[in-house]
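Architecture at a glance
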Amino acid sequence: SKSLAPAKPSGKASQAGSLNYMTEFFEWSGELKARMREVFGIQKFRLCQEGVCNASMDGRDIVCIMPTGGGKSLTYQLPALLNPGLTLVISPLISLITDQILHLREFGVEAVMLMGSTSKEESRDIYSRLAAAANSKNRNGLAGPEIKFCYVTPEKIAASKSFTSMLEKLANAGKLSRIVIDEAHCVSQLGHDFRPDYKKLSILRQLFPRVPILALSATCPPKVLKDLLTTLRLKPIVNGTAATADGTVYFSAPLYRKNLHYTVAPKPSSASGVIKAMTKYILDHHRNDSGIVYCMSKKDTETVAQGLAEESGGKIRTGVYHADVHDRTKAELHERWRRGDVKVVCATIAFGLGIDKGDVRFVLHHSVGLRCIKGIDINIFLRCLNLWKVTIRHVYRAANHPSILTRSLLNQESGRAGRDGNDSDCILYFRPQDASRLSALVFMKKLTCGFDHEVQDMLRFAIDVEECRKLQFARYFSMSASLSMSAWGTAETDAHARCGHCDNCKRPPEAMERRDVTLPAWQILRVSQVIERMSGRVTMGMLADLVRGAGGGSFGAVVGGRGRGKGKGGAKEKIGLDLDEIAGGKVQLGKEETEILIVQLFLSGHLGESFHSTAYSINVYVTPGPGALRITRYSKEDVESGRGQRIQVTFLRKGKDAAKKNGRSTKTGDEEASRAYSSGAKGKKRKRGE
Ligand code: ADP
Ligand code: MG
């Protein structure tokens with residue numbers, strides 16, 4: 001293969017401002033497209049693919065953010081075919097690597113991988129082929145075809161000196177054409193998926209100062225991007241996709257896909273109600289379609305799969321997928337799903353990495369916050385903690401183990417829907433009480449990784465009934481407005497326009513109602529302060545009941561005061577509350593509204609939470625937050641006369657359609673509330689059922 005002439009403008013910086021990788025035609029443009037069609041069978045570039053290829057051909061350092069399924073692989077695979085030498089690809093998961101290699105070999109491109117499990121003979125063979133490539137001026141007489149791609153996990157770079165010195169030889173011979181870092185956000189501790197071995201990739205720039213780097217990711221909030229540039233020692237991003245500046249070139253494609261329709265649906269309070277609602281939804285809208293129902297725990301995947309099958313009288317053919325399912329069964333399920341024998345897969349987030357089924361028409365999220373710790377069910381995890389007396393340090397070590405990789409909810413899981421570009425639905429079933437469950441999960445992660453704000457971000461999304469989902473995603477996941485505008489050039493209007501087809505865009509104004517809820521907020525905060533003073537513990541559901549005068553008006557407290565309970569669980573005592581005295585009466589809101597308000601107060605820091613672990617579960621209790629006093633220092637009369645900080649919440653009006661359709665019933669809700677957050681004793685029962 002002959003090398004191509006350099007970029008059209010030989011002095012890049014000389015024509016400042018005039019060239020853009022996204023729009024310009026380059027010397028290699030024709031050949032790029034020809035190879036794309038001929039080798040990969042792809043007719044047209046998507047999103048920012050062409051821009052990335054151009055910048056790559058021009059030898060630039062690049063950061064490229066594209067949604068899952070957007071086609072990031074092509075951005076390095078295609079230029080690699082036009083350039084001489086090897087492209088080194090660093091990727092976190094062996095399964096992803098295997099996929100890519102099979103894919104490339106199918107197209108007749110020579111790709112290899114090197115990891116811990118690669119046999120000695122195989123490694124030796126690869127090394128000698130690479131050494132031959134490094135030593136030869138021309139390719140005549142080489143054993144085997146030229147290796148174009150070498151995939152490794154980051155450990156290889158960090159741990160294998162012989163491998164890096166081999167790469168140095170290649171680089172010195174001008175035969176290392178590019179280093180690609182897939183899932184590059186893993187380098188940052190501020191992101192979701194921090195991997196310590198990725199941090200060590202900082203030596204790449206030191207070892208190979210002249211080899212361009214391409215960092216790929218689907219999720220990279222601004223602070224992560226900044227961290228990524230520093231860690232990989234890339235120059236700052238100067239001017240987006242301009243071909244003229246000296247820094248790192250930055251590409252980002254919209255992180256939402258037009259064909260995905262996002263909805264947050266109210267979640268019935270009983271488990272059977274949720275199954276009924278989902279069954280009805282699937283039969284009404286996707287009777288013959290393929291879909292995924294993501295669940296929070298392994299146990300949920302099984303009960304939901306069984307529930308959907310039974311409730312639909314066998315019309316919905318379901319399958320189960322989670323980390324404990326046997327490999328052979330998994331492979332079988334994949335196959336049956338691809339064939340359409342199984343229509344709906346109920347899965348934990350373990351399902352989906354690397355699957356490539358185009359016609360997934362719907363993704364339902366059974367519970368908010370599908371952030372389980374991959375490979376470890378949270379309950380098993382807790383059992384280990386307790387039974388084996390595992391210390392926090394052990395937990396920390398476990399969390400740093402490469403097999404534990406967490407993913408972000410909306411970005412990644414929903415990304416499995418509609419890869420073929422046709423309309424697909426992504427529905428999150430949410431009820432405020434899920435907040436506590438979510439908190440418990442993330443609490444575990446906080447112990448191990450130390451990040452915050454995730455629950456808040458998720459909850460804010462779930463209870464927002466006004467702002468366009470696309471804009472919410474854009475704000476959370478993508479760059480600051482100015483950067484993404486310069487990156488996108490013409491897409492400015494796009495970036496700030498409502499999508500028009502999510503639940504919030506489609507909701508008529510009369511379906512919403514903005515209310516001043518300072519008084520009930522004041523009441524809730526007063527009650528929670530009193531409970532705290534008496535060393536009581538209440539869950540969100542219990543608090544919502546208490547303030548409304550439901551559920552007997554009393555709460556449990558651990559006798560013996562703060563912290564030091566009397567041995568196992570301490571003695572519990574029921575304490576009655578005089579709502580009239582504490583809060584000037586009952587809260588005059590429905591249960592659902594009260595819970596939403598509590599979530600809101602939690603988000604605004606007026607309420608906080610405390611965690612207590614038992615043998616089998618983590619219980620989350622609601623406490624007064626740092627901002628509580630800003631409200632409760634006023635008297636009830638002050639609040640009623642409009643003094644002090646005001647709190648407003650936009651509620652959905654209890655319409656004929658919304659609430660009823662989903663079969664909500666307040667009565668089961670009350671029962672559920674006391675059941676949902678079990679004490680240790682109930683947890684034991686649950687364990688037996690597993
Ligand atoms: P990502 O790494 O961004 O998640 P992949 O690179 O795995 O995505 O690509 C996802 C799928 O999209 C693959 O099946 C790929 O062949 C396909 N694809 C990539 N680019 C294009 C394109 N321009 N047109 C059509 N299909 C494409
Ligand atoms: Mg990829």
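So, how was this worked out
Residues numbered from 1 in each chain as written. Chains lettered and ligands numbered in written order. Predicted model: local features only at pLDDT ≥ 70, side-chain atom pairs only at ≥ 80, totals over all residues. Heavy atoms only, no water. Helix = DSSP H or I, 4+ residues; strand = E, 2+ residues; numbered from the N terminus. Buried < 20%, exposed > 50% of the residue type's maximum accessible area, 1.4 Å probe, protein only. Contact = heavy atoms within 4.5 Å. Pairing = 2+ DSSP bridges. Axes fitted to C-alpha atoms, helices over the stretch in contact; angles between N-to-C directions. Core = buried A, V, L, I, M, F, W, Y, C linked by side-chain atoms within 4.5 Å. Phe/Tyr/Trp six-rings, centres within 6.5 Å; stacked < 30°, edge-to-face > 60°. Disulfide = S-S within 2.5 Å. Near = heavy atom within 4 Å. Polar contact = N/O pair within 3.5 Å; in protein donor to acceptor, adjacent residues only side chain to side chain. Areas by Shrake-Rupley, 256 points an atom, 1.4 Å probe, with all protein chains shown as cover. Nonpolar A, V, L, I, M, F, W, Y, C, P; charged D, E, K, R; others polar. Salt bridge = Lys/Arg side-chain N within 4 Å of Asp/Glu carboxyl O.

1. Focus on the overall build of the chain
For the chain, the count of helices and strands is 31 helices and 19 strands. Burial status across the chain gives 56% buried among its 690 residues. Long-range contacts, defined as pairs at least 24 residues apart, comprise 76% of the intrachain contacts of the chain with a sequence gap of at least 6.

2. Topic: the side chain of Gln77
The residue Gln77 is located in helix α3 (residues 74-82) in this model. In this structure Gln77 touches Phe40, Gln100, Leu104, Phe149 and Tyr151, once residues within four positions along its chain are discounted.

3. A short note on the sheet that holds strand β11 (residues 344-347)
Strands sit in the order β8-β13-β12-β9-β11-β10 across an open sheet of six strands; the sheet is parallel. Edge strands, defined here as strands with exactly one partner in the open sheet, are β8 (260-266) and β10 (318-321). Within this sheet the neighbouring strands show an average axis-to-axis angle of 20 degrees, counted without direction. Contacts between helix α12 (residues 298-311) and the sheet are confined to β9 (290-294), β10 and β11, with β10 contributing the most and set at about 180 degrees to the helix.

4. Examining the nonpolar core
Judged by nonpolar contacts, the single largest core of 45 residues is most densely connected at Ile524, Val527, Leu543 and Leu597. Of all the elements in the fold, those that place two or more residues in this core are β13 (424-430), α18 (454-463), α23 (518-533), α24 (540-547), α25 (579-583), α26 (591-603), α27 (628-632) and β19 (648-652). With sequence-adjacent residues up to four places away left out, Ile524 is seen in contact with Leu543, Val547, Val587, Thr594, Leu597, Ile598, Leu601 and Leu607. Residues Ile126, Tyr127, Ala133 and Leu201 belong to the second largest nonpolar core, which totals 42 residues.

5. Topic: the packing of aromatic side chains
The tally for this structure, following the rule as stated, stands at six aromatic pairs. Seen from their ring centres, Tyr76 and Phe149 are 6.1 Å apart, and the 70 degrees between their planes marks the pair as edge-to-face. Within this pair, whereas Tyr76 is found in helix α3, its partner Phe149 is found in strand β4 (residues 149-152), the two being separated by 73 residues in sequence. The buried category is assigned to Phe149, whose relative accessible area is 0%. Both rings, one in Phe149 and one in Tyr151, keep their centres 6.5 Å apart while their planes meet at 35 degrees; by these two values the pair is tilted. Judged on exposure class, the residue Phe149 and its partner Tyr151 are both buried. Cluster of aromatic residues (ring-pair linked, three or more members): Tyr21, Phe26 and Trp28.

6. Thoughts on the state of the cysteines
In this structure the tally under the stated criterion is zero disulfides. Free cysteine: Cys48, not disulfide-bonded; nearest cysteine sulfur from Cys64 at 4.4 Å.

7. Some remarks on the site of ligand 1
Neighbouring ligand 1 are 13 residues, the closest being Lys44, Gln49, Gly69, Lys72 and Ser73. In the environment of ligand 1, an oxygen atom lies 2.7 Å from a nitrogen or oxygen atom belonging to the side chain of Ser73. If ligand 1 stood free it would expose 570 Å²; the protein chains cover 74% of that surface. When the residues that make up the shell around ligand 1 are grouped by side-chain class, the tally is three nonpolar, six polar and four charged.

8. Section: the sheet that holds strand β7 (residues 249-252)
In spatial order, the strands read β3-β4-β2-β5-β6-β1-β7; together these seven strands make up an open sheet with parallel pairing. One side of each edge strand has no neighbouring strand; the edge strands of this open sheet are β3 (111-114) and β7. For this sheet, the mean angle separating the axes of adjacent strands, direction not counted, is 20 degrees. Alignment of β3 against β4, held across four bridges, turns out to be parallel. Across the sheet, the residue bridging to Val112 is Cys150, located in β4. Helix α5 (residues 120-135) contacts β2 (86-90) and β3 of the sheet and is inclined by roughly 125 degrees relative to β3. Along the sheet, helix α7 (residues 161-172) contacts β2, β3, β4 and β5 (176-181); its crossing angle with β2, the most-contacted strand, is approximately 145 degrees.

9. Points about the environment of Glu593
Positionally, Glu593 belongs in helix α26. Using a relative accessible area of 14% as the deciding quantity, one classes Glu593 as buried. Ignoring any residue separated from it by four or fewer positions in sequence, one finds Glu593 in contact with Arg515 and Phe651.

10. Focus on the pattern of salt bridges
All chains considered together, the criterion is met by 21 salt bridges. Two residues, Asp246 and Lys235, come together in a salt bridge whose shortest N-O distance is 3.3 Å. Taken as a pair, Asp246 in the loop between α10 (222-231) and β7 and Lys235 in the loop between α10 and β7 lie far apart in primary sequence, eleven residues in all. The exposure class of Asp246 is exposed, given its relative accessible area of 58%. Several salt bridges converge on common partners, so that one network encompasses Glu513, Arg515, Glu593 and Arg653.

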